[in-house]
Amino acid sequence: MDWIIGGTKDSRNFIEKILKIENFSKDFIVTVVTEYGKKLLEDYNINVLVKAMDKNQMEKFILSNSIDRIFDFSHPYAANVSENIIEISKKLGIEYYRFQREDIEKTNIQNNFLYFSNIQEIIDYIKNISENILVTLGSNQIESFSSLPNLKNIYFRILPTKVSVEKLENSNIMAKNIIALQGPFSKGFNKAIFKNYNIKYLITKESGNIGGELEKLESAIEENIKVLILKRPLLNYPWITSDINQIIKVYQERKGMKKNFVIGTRGSILALAQTEIVKNILENKYPNYTFEIKKIVTTGDKDLTTNWGSGGTSIKSFFTKEIEKELLENTIDFAVHSMKDMPSENPKGLVFSGVPQREDNRDVFISKSGLKLSELPKNPIIGTSSLRRGECIKVLRPDAIIKPLRGNIHTRLRKLEEENYDGIVLAGAGLIRTGLENRITEFFNIEDIIPAPAQGALCIQYKEGNMKVKEILDSISCKTTTEIIKLERQFSKIFDGGCHTPIGCSIKLITDNDCEKFIEVIGMYCFNNKVLKKKIRGPLRCGDILINNLAESLKGDIDE
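A quick note: this is a predicted structure, and the numbers were derived from the prediction, not measured.

A short note on the packing of aromatic side chains
All told, the structure shown has 17 aromatic pairs when counted by the stated rule. Ring plane angle 35° and centroid distance 4.8 Å describe the contact between Phe14 and Phe73, whose orientation is recorded as tilted. Taken together, the residues span a long stretch of sequence, with Phe14 in helix H1 (residues 9–21) and Phe73 in the loop between strand E4 (69–72) and helix H4 (79–92) at a distance of 59 residues. In terms of burial, Phe14 and Phe73 fall into one category: buried. Measuring from ring centre to ring centre gives 5.0 Å for Tyr155 and Tyr197, while their planes differ by 55°; the resulting arrangement is tilted. You can see Tyr155 sitting in strand E8 (residues 154–158) and its partner Tyr197 sitting in the loop between helix H7 (187–196) and strand E10 (199–205), a full 42 residues away along the chain. Residue class for Tyr155 comes out buried when judged on its relative accessible area of 11%. Feature note: the residues Phe14, Phe71, Phe73, Tyr97, Phe99 and Trp239 constitute an aromatic cluster, connected by ring pairs. The ring of Tyr421 carries Lys403 above its face, with NZ or CZ at 4.5 Å from the centroid.

Structural notes on helix H8 (residues 213–222)
Restricting attention to buried positions, one finds in H8 the residues Glu213, Lys216, Leu217, Ser219, Ala220 and Ile221. Check the buried side of H8 and you find it contacts strand E6 (113–116), E8, H7, E10 and strand E11 (226–230). Remark: Asn224 follows H8 within two positions and exhibits a positive phi of approximately 60°.

Notes on the pattern of salt bridges
Two side chains bearing opposite charge may form a pair once their charged atoms approach each other closely. Tallying each qualifying case throughout the model produces 22 salt bridges. Close ionic contact of Glu59 with Lys91 constitutes a salt bridge, the shortest N to O distance being 2.9 Å. With Glu59 in helix H3 (residues 55–64) and Lys91 in helix H4, this pair connects stretches of sequence that are 32 residues apart. Classification of Glu59 by relative accessible area gives buried; the value is 17%. Lys91 gets classed as partly exposed once you look at its relative accessible area, which sits at 48%. A salt bridge links Glu488 to Arg358, with the shortest nitrogen-to-oxygen separation between them at 2.8 Å. Here Glu488 is found in helix H17 (residues 479–494), whereas its partner Arg358 is found in the loop between strand E16 (350–352) and strand E17 (363–367), with 130 residues between them in sequence. Taken individually, Glu488 and Arg358 each receive the classification buried, so the pair is uniform in this respect.

What about the sheet that holds E6?
Strand order in this open sheet of six strands is E6-E11-E10-E7-E8-E9, and the pairing throughout is parallel. The sheet terminates laterally at E6 and strand E9 (178–180), the two strands that pair on one side only. Neighbour-to-neighbour, the strand axes of this sheet turn through a mean angle of 20°, independent of strand direction. Bridge count between E10 and E11: five bridges; the pairing is parallel. Opposite Tyr201, over in E11, you have Lys226 as the bridge partner. The sheet strands contacting H8 are E6, E8, E10 and E11, and the helix crosses E10 at an angle near 155°.

About the criteria used
Residues numbered from 1 in each chain as written. Predicted model: local features only at pLDDT ≥ 70, side-chain atom pairs only at ≥ 80, totals over all residues. Heavy atoms only, no water. Phe/Tyr/Trp six-rings, centres within 6.5 Å; stacked < 30°, edge-to-face > 60°. Helix = DSSP H or I, 4+ residues; strand = E, 2+ residues; numbered from the N terminus. Buried < 20%, exposed > 50% of the residue type's maximum accessible area, 1.4 Å probe, protein only. Lys NZ or Arg CZ within 6 Å of the ring centre and 35° of its normal. Contact = heavy atoms within 4.5 Å. Salt bridge = Lys/Arg side-chain N within 4 Å of Asp/Glu carboxyl O. Pairing = 2+ DSSP bridges. Axes fitted to C-alpha atoms, helices over the stretch in contact; angles between N-to-C directions.

Structure follows, in C-alpha cells:
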C-alpha cells in the first residue's frame with residue numbers, strides 16, 4: 001500500500017495525473033491535516049483521511065495499513081512531518097519519495113527581500129520596528145511573536161481552522177490582530193489587505209512557485225513593502241524532486257516492475273533444500289517477483305568438531321547469528337531456518353513470519369546393516385549429538401553406547417559408513433526434504449522418541465516493520481501449523497530449551513464431530529538420567545493453558 005501525504009495543490013496535481021494513467025485508487029491512502037486539504041481532493045472520488053499525527057501515531061498508521069511506499073507532498077515548512085517520516089521509513093525499510101516545489105525566480109526583485117535561517121533571527125530583526133507588520137507563516141509560529149513589545153503592530157494571517165484557533169488561545173495576541181482567511185489570494189486581494197492594515201513589512205516563508213506565493217510577493221513589491229523571508233528547513237531527503245513527471249515515473253515504474261527479494265540461508269544441503277521449497281512456493285504465488293538465494297557461512301558451519309552442547313551452552317545461536325546480522329543490515333530480505341534450531345527469543349528488530357505446512361516431525365533411525373535399533377547386537381554404537389535423542393535411545397536400548405556425531409546430513413551418512421557407528425539418529429524431515437527418505441531404516445514412534453519442539457517446521461525470519469516481506473510471507477503460512485509450533489516453542493521456553501536441554505514436545509491435531517480443533521500434547525524432560533513423559537489433551541483455543549499445565553506436571557515429577 002502507498003501512502004500519499006497530501007493537502008497541497010502538489011498532491012492534487014499528482015493524484016490527478018496518476019488516476020488518468022491507470023486507476024490506482026485501491027492502492028493508496030491519502031492523508032491531509034486540514035479540511036481544506038481534503039476539499040482540494042474531493043473531486044477525485046478517493047478516500048481522504050484528515051489526520052494530524054505525531055511520530056508514534058505515524059508508525060502505527062504505517063504498520064496497521066501495511067504501507068510500503070511513502071510519497072511526501074507535505075508543505076516544506078511542515079519539516080517535523082517530513083523529519084518524522086524519514087526517520088520511520090529508514091527504521092522500517094520503507095521507500096520514501098519527496099516532492100518539493102521549485103523556488104520562485106526572484107532575481108529581478110532581490111533588493112526587496114531579506115532572508116532568515118530561523119524564526120529567532122526574524123524576531124530579533126523586527127522587535128524594535130514600530131510600523132505595521134503582516135505575518136503569514138502559519139499558526140505554528142504564532143507563539144514566537146507573543147512576547148514582542150510591539151505586538152500590537154503585528155498582524156497574523158492564518159487559516160480559519162481549529163488548530164489555528166487553539167494556537168491563538170495560548171498567545172497574547174488580540175483578536176483585532178488576527179486575519180483568519182482561506183487562501184490562495186489574488187494580487188488585488190493581497191493589496192487590499194496591505195492597504196487596509198497599513199502594512200509596511202511582510203513576513204512570509206519560502207514556499208515555492210504555486211499556492212499564491214508569487215501573487216503575494218508581487219503585490220508586496222508593487223506596494224513597496226519590505227519582505228522578510230524565512231528560508232526552507234534543510235532536510236537530508238533520501239529522494240527528492242521538483243519535477244512532478246519524475247515522481248509520477250517512479251510511481252509507475254515501481255508499480256509494474258519485478259521486485260527482487262534476497263533469501264538468506266546456511267550453505268548446507270538441507271538448508272538450501274528448505275530454502276528452495278520456500279522459494280518455489282513464493283515464485284508460484286508471485287510470478288511478477290524474483291527471489292534469489294544467498295548462502296551465508298555461520299560460526300557453526302566453520303567448526304564441525306567442537307561438541308558445544310557438552311559444556312552446557314546452547315549451540316542454536318552459532319547457526320543463526322551471522323544470518324541475523326545480515327537481516328538487520330538489510331543485505332537480505334528474509335531468512336529460512338529450521339524452526340527447532342531457533343532460540344526462543346528473537347534478537348531485537350527481528351520477527352518470525354507464520355509457519356508454512358509442516359513436514360513429518362518424527363525422528364528416524366538409519367543403520368549400517370539395515371537392522372532396526374531393537375535388532376542390533378549387544379552394545380551398539382549409536383551416533384547423535386542430541387542429548388534428547390541420546391537419553392531416549394538409552395531407554396529403548398540401555399546397552400547402547402552414544403557417540404557424538406556432528407555435520408550436515410550427508411556428512412553424518414558418510415561417517416556412518418566410514419566410522420565406527422552401528423546406526424545414527426536424525427530428523428526424518430531433513431532426509432525427506434533432501435530426497436534421502438530411502439536411507440531411513442525405521443521411523444521412531446513419537447511416544448518412544450518425542451521430537452524436539454517445532455521439529456519438521458520451517459522458520460522464516462525477517463526484519464520487523466518490513467511490511468512488503470510480511471505480506472508475502474503471511475500469504476504462504478498455515479494458521480493452524482503456526483499456532484501449534486508456537487505452543488511447542490512455549491513448552492521449550494518454559495524449560496529454557498536450548499540444544500543442551502534434553503526436552504521434547506509434539507502436538508497432534510485432532511478434530512471432533514463439532515469441528516472444534518482439539519490437540520493432544522506429549523512432552524518429555526530428562527532429569528538425572530531419567531526420562532520423564534506426560535500427555536495432555538484439550539481444545540486448541542486453550543493451548544496456552546494446556547502447555548503450562550503439562551510443564552507444571554513434569555516439573556512436579558522432577559521435584560519428587
